[in-house]
Amino acid sequence: MVPGEREEAAADRPESLSLFDRAPGDGAPEGDAAGVPDGGGGEVRRRRRTRRVLVWTLAVLFALVAGGTGAAYWTVDHYASSVDRIPGAFPTAPADRQPQAVPNSGTTFLLVGLDARSDVATTGAAAAAPAWKAGAQRSDTMMLLHISADRKSAALVSIARDTWVDVPGHGKAKINAAYSWGGPALMVETVQNLTGVRIDHVAVIDWNGFRALTDAVGGVDITIPRTIEGRGEARQWDAGTHHMSGEQALLYVRERYGLPNGDLDRSKRQQNFLRALMIQTMDAGTLGNPARLTGLLKAVGDVMSVDDRLSNTDLYDLAWSLRGLRPDGVRFMNAPFGGFDSIDGQSVVLLDRAAAKTLWEAVRTDRMTAYLAEHGTTSDTLGESVS
């Protein structure tokens, strides 16, 4: 980067209040948790790439910029500065009570999706409401994103929001209650205790933010393999490929009624949407259109927040290191399913603890490629056909 550009870009960023300041008093979460979606893939024609493309996968939620000029580097830094930082996103428990980092084992993010169902932004620079206020809301989506040390592959593992777990300081509860009770830090601690995987970074986005990202890339193509009849407030989805706007995509990822496995199918829809969004983002039609690319980068800063350990330089370096990553190198799956149950009047999801232990160890030790070669055809992995 040209000397002084990074400092100039940072100076241009307006100072803003934290979205994650704890509200006075403790609150208990209200309401029961809802489920998770499933969907179809993008077309093969969208897999064309150029070697000089700077890849920021939407799975990682960073930036896509054509590389090679000082202006492009300034653009990356300018928009990276617009991404809001989350203070205190990690647990304060002593180091010996947290998973130990494994050298040269890649990078693991905890991706948290909120579903405020409001037009008021709760994440990113455009936020007008707090993304976390004690007792106010539960996280709608949790995904572990593991990026391999060689940056040639990535895996996203969804943990169903109704998964029954130990929440530190609160006993047994649905995993999404951790966010309500203690925000990102308690969410990280809960996931680390469950998986034994050390979380390196956190990214939070409201699902409404994905509406803006979808519109910024001109919509996404999602294939519905069979017609799903409408139930109650849920709309009918006809079989076939749909070019969805942000509003339509938001309806698609939120729905769970009519899906045979409720939350589990809903999580697959969310993964399928992210896959389609990633493919569309990396399409030459997006990267070659300055107005569309600028709109995408602006939308990222407006709707996403990351932990304050990620500097602009870190974001840029990570994005550059992923320049060789392709959509077929990103795999999606659910945490191994162990069944449904009813506990204390709540419908919950149970993990297959033995199968999950094998998966978590593969994530922790950066052996996901070998794990997927052995277990990649299970019902927990995302296929090409998604209801």
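Residues numbered from 1 in each chain as written. Predicted model: local features only at pLDDT ≥ 70, side-chain atom pairs only at ≥ 80, totals over all residues. Heavy atoms only, no water.

Student: Please give an account of the overall build of the protein chain that cites residues and values.
Tutor: When its secondary structure is counted, the protein chain shows 11 helices and 15 strands. Taking as baseline every contact in the protein chain between residues at least 6 positions apart, the subset at least 24 positions apart corresponds to 76%. In the form shown here, the protein chain has an accessible surface area of approximately 16300 Å², with 50% of it arising from carbon and sulfur atoms. (Helix = DSSP H or I, 4+ residues; strand = E, 2+ residues; numbered from the N terminus. Contact = heavy atoms within 4.5 Å. Areas by Shrake-Rupley, 256 points an atom, 1.4 Å probe, with all protein chains shown as cover.)

Student: Summarise the packing of helix 4 (residues 207-216) against helix 6 (residues 263-281); cite the residues concerned and give the values.
Tutor: Remark: helix 4 packs on helix 6, axes separated minimally by 11 Å, with the N-to-C direction vectors making an angle of 30°. As summarised for this structure, helix 4 and helix 6 are arranged roughly parallel, according to the angle between their axes. Where helix 4 crosses over helix 6, the handedness of that crossing is left-handed. For the pair helix 4 and helix 6, the contacting residues are Trp207, Phe210, Leu213 and Thr214 in the first and Gln270, Phe273, Leu274 and Leu277 in the second. Among the residues making up the contact of helix 4 with helix 6, the classes are represented as six nonpolar, two polar and no charged. (Axes fitted to C-alpha atoms, helices over the stretch in contact; angles between N-to-C directions. Parallel < 35°, antiparallel > 145°, perpendicular 65-115°, else oblique. Left-handed = near helix turned anticlockwise from the far one by under 90°. Nonpolar A, V, L, I, M, F, W, Y, C, P; charged D, E, K, R; others polar.)

Student: I'd love a proper account of the pattern of salt bridges, names of residues and values included.
Tutor: All told, the structure shown has four salt bridges when counted by the stated rule. For the salt bridge of Lys172 with Asp166, the shortest nitrogen-to-oxygen distance reads 3.7 Å. Residue class for Asp166 comes out partly exposed when judged on its relative accessible area of 48%. When the shortest N-O distance is used, the salt bridge between Glu361 and Arg364 registers 3.0 Å. Note that Glu361 and Arg364 are positioned in helix 10 (residues 353-364) at a spacing of three residues, about one turn of the helix. Since its relative accessible area comes to 38%, Glu361 is described here as partly exposed. (Salt bridge = Lys/Arg side-chain N within 4 Å of Asp/Glu carboxyl O. Buried < 20%, exposed > 50% of the residue type's maximum accessible area, 1.4 Å probe, protein only.)

Student: Explain the nonpolar core to me, and be specific about the residues and the numbers.
Tutor: When a protein is soluble and globular, its nonpolar side chains tend to lie buried together. Formed by 48 residues in total, the largest nonpolar core has its most connected members in Phe210, Leu213, Val220, Ile222, Met244, Tyr252 and Phe273. At five residues, helix 6 tops the list of elements feeding residues into this core. Counting 39 residues, the second largest nonpolar core, distinct from the first, contains Leu110, Leu144, Tyr179 and Trp181. (Core = buried A, V, L, I, M, F, W, Y, C linked by side-chain atoms within 4.5 Å.)

Student: Go over the pairing of strand 6 (residues 154-159) with me, naming the residues and quoting the values.
Tutor: Here strand 6 lies mainly inside the structure; six of its six residues are buried. Here strand 6 shows two buried faces, one formed by Ala154, Leu156 and Ser158 and the other by Ala155, Val157 and Ile159. As paired strands, strand 6 and strand 13 (residues 330-334) are joined by five bridges and run parallel to one another. By the bridge assignment for strand 13, Ala154 is matched with Val330. (Pairing = 2+ DSSP bridges.)

Student: Which residues make up helix 4, and what values do they have?
Tutor: Here helix 4 lies mainly inside the structure; eight of its 10 residues are buried. Positioned one or two residues after helix 4, Gly218 has a phi angle of 90°, which is positive.

Student: Which residues make up the packing of aromatic side chains, and what values do they have?
Tutor: A full pass over the atoms with the stated rule returns two aromatic pairs. If you follow Arg309 out to its NZ or CZ, it ends over the ring of Phe90, 3.7 Å from the centre. (Phe/Tyr/Trp six-rings, centres within 6.5 Å; stacked < 30°, edge-to-face > 60°. Lys NZ or Arg CZ within 6 Å of the ring centre and 35° of its normal.)

Student: Please provide a residue-by-residue account of the packing of helix 5 (residues 246-254) against helix 6, values included.
Tutor: Contact pair helix 5 / helix 6: the axes reach a minimum separation of 8 Å and the direction vectors enclose 150°. Comparing their axes, helix 6 and helix 5 come out roughly antiparallel. Of the residues in helix 6, those in contact with Ala249, Tyr252, Val253 and Arg254 of helix 5 are Arg266, Arg269, Gln270, Asn272 and Phe273. Looking at the contact of helix 5 with helix 6 residue by residue, the classes come out as four nonpolar, two polar and three charged.

Student: Could you give me a rundown of helix 11 (residues 368-375), with the residues and numbers involved?
Tutor: Taken residue by residue, helix 11 has Met368, Tyr371 and Leu372 as its buried positions. Burial along helix 11 is one-sided: seen end-on, the buried residues are contained in an arc of 95°. Projecting away from the buried face of helix 11 at angles above 90 degrees are the exposed residues Thr369, Ala373 and Glu374. (Arc of directions from axis to C-beta.)

Student: So what's going on with the environment of Ala89? Which residues, and what values?
Tutor: Among the structural elements, Ala89 can be located in the loop between strand 3 (84-86) and strand 4 (107-114). Among the residues examined, Ala89 registers a relative accessible area of 2% and is labelled buried. Taking the C-alpha atoms as reference, Ala89 lies 4.6 Å from Ala185; in sequence the two are 96 residues apart. Apart from the residues within four sequence positions on either side, Ala89 is in contact with Pro184, Ala185, Val188, Val202 and Asp307.

Student: Could you give an account of unusual backbone geometry, with specific residues and numbers?
Tutor: Unlike most non-glycine residues, Asn104 shows phi in positive territory, near 55°. Checked against the element boundaries, Asn104 lands in the loop between strand 3 and strand 4.

Student: Please provide a residue-by-residue account of the pairing of strand 9 (residues 201-206), values included.
Tutor: A regular strand places its side chains so that they alternate between the two faces of the sheet. With respect to burial, strand 9 is a largely interior element, six of its six residues being buried. Burial along strand 9 is two-sided: the residues His201, Ala203 and Ile205 and Val202, Val204 and Asp206 are all buried. Pairing geometry for strand 9 and strand 12 (residues 304-307), over three bridges, is antiparallel. Bridged to Ile205 within strand 12 is Met304.

Student: An account of the environment of Asn261 is needed here, citing residue identities and associated values.
Tutor: Along the chain, the position of Asn261 falls in the loop between helix 5 and helix 6. Here the alpha-carbon distance between Asn261 and Phe340, two residues 79 residues apart in the chain, equals 9.8 Å.

Spatial relationships are all this shows, so hold off on functional conclusions.
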